[in-house]
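# Descriptive structure summary
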4 protein chains.
Amino acid sequence: MTSGCINRPENRLRSLLHQLIFESDTKAGRTFNIILINIILISVTTALLDSVHSIRDRYGSLLLFLEWFFTILFTIEYGLRLYSLKQPLRYAISFYGIIDLLAIVPTYFSLVFPGGQYFLTFRIMRLLRIFRVLKLSEYLSEADVILTALMASRRKISVFLLTVLLLAVIMGSLIYVVEGEANGYTSIPTSIYWAIVTMTTVGYGDLAPQTAAGKMLASIIMMLGYAILAVPTGIVTVEISQASKKKVSTQACPACGAEGHDYDAKHCKYCGGRL
Amino acid sequence: MTSGCINRPENRLRSLLHQLIFESDTKAGRTFNIILINIILISVTTALLDSVHSIRDRYGSLLLFLEWFFTILFTIEYGLRLYSLKQPLRYAISFYGIIDLLAIVPTYFSLVFPGGQYFLTFRIMRLLRIFRVLKLSEYLSEADVILTALMASRRKISVFLLTVLLLAVIMGSLIYVVEGEANGYTSIPTSIYWAIVTMTTVGYGDLAPQTAAGKMLASIIMMLGYAILAVPTGIVTVEISQASKKKVSTQACPACGAEGHDYDAKHCKYCGGRL
Amino acid sequence: MTSGCINRPENRLRSLLHQLIFESDTKAGRTFNIILINIILISVTTALLDSVHSIRDRYGSLLLFLEWFFTILFTIEYGLRLYSLKQPLRYAISFYGIIDLLAIVPTYFSLVFPGGQYFLTFRIMRLLRIFRVLKLSEYLSEADVILTALMASRRKISVFLLTVLLLAVIMGSLIYVVEGEANGYTSIPTSIYWAIVTMTTVGYGDLAPQTAAGKMLASIIMMLGYAILAVPTGIVTVEISQASKKKVSTQACPACGAEGHDYDAKHCKYCGGRL
Amino acid sequence: MTSGCINRPENRLRSLLHQLIFESDTKAGRTFNIILINIILISVTTALLDSVHSIRDRYGSLLLFLEWFFTILFTIEYGLRLYSLKQPLRYAISFYGIIDLLAIVPTYFSLVFPGGQYFLTFRIMRLLRIFRVLKLSEYLSEADVILTALMASRRKISVFLLTVLLLAVIMGSLIYVVEGEANGYTSIPTSIYWAIVTMTTVGYGDLAPQTAAGKMLASIIMMLGYAILAVPTGIVTVEISQASKKKVSTQACPACGAEGHDYDAKHCKYCGGRL
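Please read these numbers as outputs of a predicted model, since none were measured by experiment.

Thresholds applied
Residues numbered from 1 in each chain as written. Chains lettered and ligands numbered in written order. Predicted model: local features only at pLDDT ≥ 70, side-chain atom pairs only at ≥ 80, totals over all residues. Heavy atoms only, no water. Helix = DSSP H or I, 4+ residues; strand = E, 2+ residues; numbered from the N terminus. Buried < 20%, exposed > 50% of the residue type's maximum accessible area, 1.4 Å probe, protein only. Contact = heavy atoms within 4.5 Å. Areas by Shrake-Rupley, 256 points an atom, 1.4 Å probe, with all protein chains shown as cover. Expected span 1.5 Å × (residues − 1). Domains from an automatic or database assignment. Core = buried A, V, L, I, M, F, W, Y, C linked by side-chain atoms within 4.5 Å. Bend = angle between axes of the 7 residues up to and from the residue. Axes fitted to C-alpha atoms, helices over the stretch in contact; angles between N-to-C directions. Left-handed = near helix turned anticlockwise from the far one by under 90°. Nonpolar A, V, L, I, M, F, W, Y, C, P; charged D, E, K, R; others polar. Salt bridge = Lys/Arg side-chain N within 4 Å of Asp/Glu carboxyl O. Parallel < 35°, antiparallel > 145°, perpendicular 65-115°, else oblique. Phe/Tyr/Trp six-rings, centres within 6.5 Å; stacked < 30°, edge-to-face > 60°. Lys NZ or Arg CZ within 6 Å of the ring centre and 35° of its normal. pLDDT = per-residue confidence, 0-100.

## Focus on the overall build of chain A
When helices and strands are counted, chain A shows 11 helices and 0 strands. When the helices and strands of chain A are placed in sequence order, the string is α-α-α-α-α-α-α-α-α-α-α. Burial analysis of chain A (275 residues in total) assigns 48% to the buried set. In chain A, the share of contacts with a sequence separation of at least 24, taken over all contacts with a separation of at least 6, comes to 54%. On chain A, roughly 13300 Å² of surface is accessible, and the fraction owed to carbon and sulfur atoms is 66%.

## Let's talk about helix α2 (residues 27-50) of chain D
Its 24 residues give α2 of chain D an end-to-end C-alpha distance of 35 Å, which sits within 8% of 34 Å, the value for a rise of 1.5 Å per residue. All buried positions along α2 of chain D are accounted for by G29, N33, L36, I37, I39, I40, S43, V44, T46, A47, L48 and D50 of chain D.

## Some details on the domain arrangement of chain A
The domain architecture assigned to chain A consists of domain 1 (2-134) and domain 2 (152-242). With centres defined by C-alpha atoms, the gap from domain 1 of chain A to domain 2 of chain A works out at 41 Å.

## Comments concerning the nonpolar core
One finds W194 of chain A, W194 of chain B, W194 of chain C together with W194 of chain D to be the most contacted residues of the largest nonpolar core, which totals 235 residues. If we ignore the near neighbours within four places in the chain, the residues touching W194 of chain A are I175, Y185, L207, A208, P209, A218 and I221 of chain A together with Y204 of chain B.

## Focus on helix α3 (residues 53-84) of chain C
All names here are of chain C. The end-to-end C-alpha distance of α3, which contains 32 residues, comes to just 41 Å, noticeably less than the 46 Å that a straight helix rising 1.5 Å per residue would cover. By the largest-angle criterion, Y59 marks the main kink of α3, which is about 90°. Looking only at α3, the buried set comprises G60, L63, E67, F70, T71, F74, E77, Y78, R81 and S84.

## Considering the packing of helix α2 (residues 27-50) of chain A against helix α3 (residues 53-84) of chain A
Any two packed helices are characterised by the angle at which their axes cross and by the distance between the axes. Residue and element names in this part refer to chain A. Packing of α2 against α3 leaves a shortest axis separation of 9 Å and a crossing angle of 145°. Like other packed secondary-structure pairs, α2 and α3 cross with a definite hand, here left-handed. Touching F32, L36, I39, I40, I42, S43, T46, L49 and D50 of α2 are I55, R56, L63, L66, E67, F70, L73, F74, E77 and R81, all from α3. Its residues placed into classes, the contact of α2 with α3 shows 12 nonpolar, 2 polar and 5 charged.

## A short note on the side chain of T201 of chain D
One can find T201 of chain D in the loop between α10 (188-199) and α11 (212-248). A relative accessible area of 5% means that T201 of chain D is categorised as buried. Not counting the four nearest positions on each side in its chain, T201 of chain D is found in contact with T200, T201 and V202 of chain A, T201 of chain B, T201 of chain C together with Y226 of chain D.

## Here's the deal with the pattern of salt bridges
Using the criterion set out here, one finds 16 salt bridges over all chains in the structure. Two residues, D100 of chain A and R126 of chain A, come together in a salt bridge whose shortest N-O distance is 2.8 Å. Highlighted residues: D100 of chain A in helix α5 (residues 95-102) and R126 of chain A in the loop between α6 (105-112) and α7 (130-133), separated in sequence by 26 residues. Each member of the pair, D100 of chain A together with R126 of chain A, is buried. For E77 of chain C, the salt bridge goes to R126 of chain C, with nearest N and O atoms at 2.7 Å. You can see E77 of chain C sitting in helix α3 and its partner R126 of chain C sitting in the loop between α6 (105-112) and α7 (130-133), a full 49 residues away along the chain.

## Looking at the environment of L128 of chain B
Mapped onto the elements, L128 of chain B comes out in the loop between α6 (105-112) and α7 (130-133). Placed 29 residues apart in sequence, L128 of chain B and I99 of chain B show a C-alpha to C-alpha distance of 9.7 Å. In contact with L128 of chain B, other than residues within four places in its own chain, are L166 of chain A together with F95, Y96 and I99 of chain B.

## Looking at the packing of α3 of chain C against α6 of chain C
Residues and elements named next belong to chain C. Where α3 contacts α6, the two axes come as close as 9 Å, and the packing angle between them is 125°. One way to sum up the angle between α3 and α6 is to call them oblique. The segment α3 lies against α6, with E67, W68, T71 and T75 engaging T107, Y108 and L111. Each residue belonging to the contact of α3 with α6 can be placed in one class, and the counts come to 3 nonpolar, 3 polar and 1 charged.

## Quick word on the packing of aromatic side chains
By the definition in use, this model includes 32 aromatic pairs over all chains. The interplanar angle of 25° and the centroid separation of 6.0 Å between the aromatic rings of F65 of chain A and F69 of chain A together place this pair among those described as stacked. Here the residue F65 of chain A and the residue F69 of chain A both occupy positions in helix α3, the gap between them amounting to 4 residues, near one helical turn. In this structure F65 of chain A comes out as exposed when scored by relative accessible area, which is 53%. F69 of chain A sits in the partly exposed class, given a relative accessible area of 39%. Summarising the aromatic geometry, the rings of Y185 of chain D and W194 of chain D are spaced 5.5 Å apart at their centres and angled 80° between planes, so their arrangement reads as edge-to-face. An aromatic cluster is present here, built from F65, F69 and F70 of chain A joined pairwise through their rings. The ring of F74 of chain C has R126 of chain C sitting right over it, with the charged end atom 5.0 Å from the ring centre.

## Details of the confidence of the model for chain A
Low pLDDT means the predicted coordinates in that region are not meant to be read closely. All names here are of chain A. The predicted model of chain A has a mean per-residue pLDDT of 79, with 80% of residues at 70 or higher. Helix α10 (residues 188-199) holds the highest mean pLDDT among the elements of chain A, 93, whereas α7 holds the lowest, 65. Predicted confidence for residues 1-6 stays below pLDDT 50, and this span has 8 contacts to residues more than four positions away or in other chains. Counting contacts from residues 260-265, a segment whose pLDDT is below 50, to residues more than four positions away or on other chains yields 15 contacts.

## Observations concerning the environment of S158 of chain D
Considering the arrangement of structural elements, one finds S158 of chain D in helix α9 (residues 154-179). Residues S158 of chain D and F69 of chain D lie 89 residues apart in sequence; the distance between their C-alpha atoms is 44 Å.

Encoded structure:
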């Protein structure tokens, strides 16, 4: 990733900045990134505290100053990131680039629309780079297993989500007719919301069936919901199991030294030698 | 599915209609079905909005018009479906046929019994054809895995449901005696409803134990309920795991043509021939 | 189980009764048991309705009559069961014998202690014989898988339950100190009850943290609780998986000794030898 | 662990004490430890009862006496433990040593800071030695399986927890903006707490969305939360499955067909044949 030609002073500055900001395996880069992560944590805490009435009343001006301080700091950092790269646009439209932009936009946004600063908490997304910075390659491979599992099961999960949605609409309509508006089920959308709250076993209790028929229907929904919700757990478990297994096989072929054989393999799948 | 003889003009019309409505792999059929799916979505949204008081008060007549408009549209479509088929009765008593009928009945029904129109949301079931229309054969095979898993475990789930029901009745009776009617447990059916709410970990909180003995009993039910409810998840997981494994094998035996071999199989399990 | 000597008339009566009551594979026995199951269902429904105020007020005397009618019926049946067996005591102390006794005791009990009749709902336990009666041997083997799984994991579950209990006590004490009696956490036992309600994700909401520190502690308990409660699901899943496997593949190849063949396999999938 | 030289009387006393307190496989040690466990249970019950207002009002002085009685008893025991060991410091900083200290500190602590005695319930941690005392080696190996599984998946769980935390912050901020302070979402930290309550499916209901947009967002969080929370269950299940397998192994001896060999076995443990 380092620049190939470092002849001109401008290029040297760029190269140094790139090393500092992007290359977390150098000592300077590592230090920079650890400081950055701490600043992110402090700035998110600031945004959280700013939303608490009693704290804002007492330390409002300090919090406003910190908000702008961190925003300007992150803006400069964002500019340097763009400057240090040969293809700044590529970074700007990358996952991390968009997150870095989202971390500074809300404060400027709040000048026009009050309340925009609450989105400053999105800065916490920047913490995702913690994995890259701390060289937690093992953590990344674990994250890979989870992601592979979720990716592999995305079609099953789509089918499942559509089923749940259909069921929620139907069950919501039924409870709306059974319980009626007098018992709090004021509309079908509200009733569908209740059905989702019930099927996911969240169960706030802001809405609860009052009539005997409603309670019976709710009981069926709960039992049904539980049975249905066992499905994603099952799907994800099986996928994680398969994603893990791919990693598991550790036997090397005695003939060619190749690895990655299944446990029940008797011959190397690459050279045919007896394992 | 296409008609074999297309000599008479009547037959040609029928064949064209069949192509349009049922054959989603032709360009015309695909367009027709995508339009249909959008109309279904809009009509369900109409039914949902119609149940919201504030919206019905303002746009009541528009919503009523749309309701009848979609119902007549779906009625015509239903008639054409029946007409385009050689064996209309077969379609009429099929899964999709019944759903298509249920999508139009409630509006006519509401003329006699007010409130019937709320069942218009059942139209959302028609979305199930989304899988067929969009040729999502992969999605269908995923749905197959889930269905196979649920089917294979239906007996285990029956045993499990009966156990939960017995436990709910017994625990409900116990809490009714322990807590009494003064604390909201007004009858045993209500207490059984509470037991189901608790065992499925929904926990609305509309009923909650007040006495020390009741809280102790509730704690036991929760722990017990959790242990018991781990069972369906386990059952479904194992079945999905087996249903997935069964899917994996795509190799046909070169000797006898049998399919369904495991990935690690080297010989056909039916004829013993080398794979 | 049939009597060997059927010479004397007394013995013949006994044998006939035994056939009627216990031998559900004979036509008479099957009919008797199906009628019995329906009577059990009706009598439990009676007991449920009797606990509903509005129904008891109107049909109280009818329900009281039915209660005694069913009790006397079940008492006669219990007597005949004892009479028809050669070793009545053995039945009396068996699982089903105790359930059959529990089904009649509460009514007599209620003469001395009012409220005893609510335990009549325990009669529902008699439904367990539904599996035996309907010859649902396949259901029984499924129940076996679940029971085997639960049995095999009973030690793991004991360890798990003790851990949860220790955690609940410690977390309950912490929240009691953090939230205090002013916020509803009136005693440590109550707080422990809250901790169990939270860790099992039931979440009634009759008690909920009010202070910032309490909410933070509750968040930790929830996350912790979820991680911990994933354990029984995992345990049960693994055990069901192993209990299922035992049923599936038990045949070893006579040629190479390999296992793991499907039920429908006719040849070893590893060496091709005839199974 | 027993002392090697038992010449001097001082050493003999030490050795005897060590046998009594630490060696639960001797008869005296076993008796001592069983008595100890019962005393622990009684003392924890005392601490629990002491926090209940109505009981403290009536039996306050008795409970205070018992509290000090058990504390002094445990203090003496702790002293004897230190005395009986050659390297008392090693015990003092061990897991069990710290728990034993925590069991006596709160009472003395309560002299300075009232309320400190509530931490006496931490004594229940001492029950962990129940596994060691009762020689439940099988239970310990089961605990090992669970611990191995949790250890093996600690990185996956870290990744998962960070993801949940990020999601909770973002979803909390969104609901704060959507619902606003008028509907109870008084600050972003409170809203994050609500997001965690919702995602873990606890759902107290002390906070629940009131607006249509809020309910829609909440529905998405619930569905999302459920999908995400299927992950730890999947992770733990797979790890338990692998931790269990390590004990079992699936390789059959090629000579005699016997199963149940360890993974690192090179010869069949039944016939000695090469695996």
